[in-house]
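# Residue-level structure breakdown
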Amino acid sequence: MMAKAARAAAAWRTYREVTKPGSPKLMTRVRAIPRMIGAVMRGQYTGMGKGKLALMGMGVLYLVSPIDVIPDFLMLIGVADDFGVFLWLMASLLGESGRYVHHEHTVIQAPVKGQVEGS
């Protein structure tokens, strides 16, 4: 029961973060996910470790895998574990991609703007 409440709270925090004025919007975050994954793999973005990226990858594999810890034929419980993993994965991806978008704007694009203005 506590785990469900924690997942719901994480989803609520993510929703509030995505809808907060001035923060990257949902589609901006979604489009940033492939860039973020590439930057983490190349070591260009240290805001997220490869271990957390691997954990997220295992979450995706768990969702698409036909093998389940709690079988889906146990209606409520079987679907609830998948939904919990989905909520965690979405909250983690959207939160991390929002931080990555901020990183892109401050670390990557700021020097480019400085070079253009200085030219």
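Residues numbered from 1 in each chain as written. Predicted model: local features only at pLDDT ≥ 70, side-chain atom pairs only at ≥ 80, totals over all residues. Heavy atoms only, no water.

Looking now at the side chain of Ser-97. Relative to the helices and strands, Ser-97 is located in helix α4 (residues 75-118). With near-sequence residues (within four places) excluded, Ser-97 lies in contact with Arg-29, Ala-32, Ile-33 and Met-36. (Helix = DSSP H or I, 4+ residues; strand = E, 2+ residues; numbered from the N terminus. Contact = heavy atoms within 4.5 Å.)

Residues Val-60, Leu-61, Leu-63, Val-64, Phe-83 and Phe-86 make up a contiguous nonpolar surface patch of roughly 560 Å² in combined accessible area. At the level of secondary structure, the elements contributing two or more residues to the nonpolar patch comprise α3 (50-64) and α4. Ranked by residues supplied to the nonpolar patch, first place goes to α3 with four residues. Counting through the fold element by element, Phe-86 comes out in helix α4. (Patch = residues over 30% accessible without salt bridge, like charges linked within 9 Å, V, L, I, M, F, W, Y side chains within 5 Å. Areas by Shrake-Rupley, 256 points an atom, 1.4 Å probe, with all protein chains shown as cover. Salt bridge = Lys/Arg side-chain N within 4 Å of Asp/Glu carboxyl O.)

The final tally for this structure, using the stated rule, is three salt bridges. Where Arg-35 meets Glu-104, a salt bridge forms, and the shortest distance between an N and an O atom there is 2.8 Å. Taken together, the residues Arg-35 in helix α2 (residues 26-42) and Glu-104 in helix α4 connect sequence positions 69 residues apart. By relative accessible area, Arg-35 is classed as partly exposed at 38%. Assessed through its relative accessible area of 12%, Glu-104 is described here as buried. Look at the salt bridges and you will find they share partners, linking Lys-52, Glu-96 and Arg-99 into a network. (Buried < 20%, exposed > 50% of the residue type's maximum accessible area, 1.4 Å probe, protein only.)

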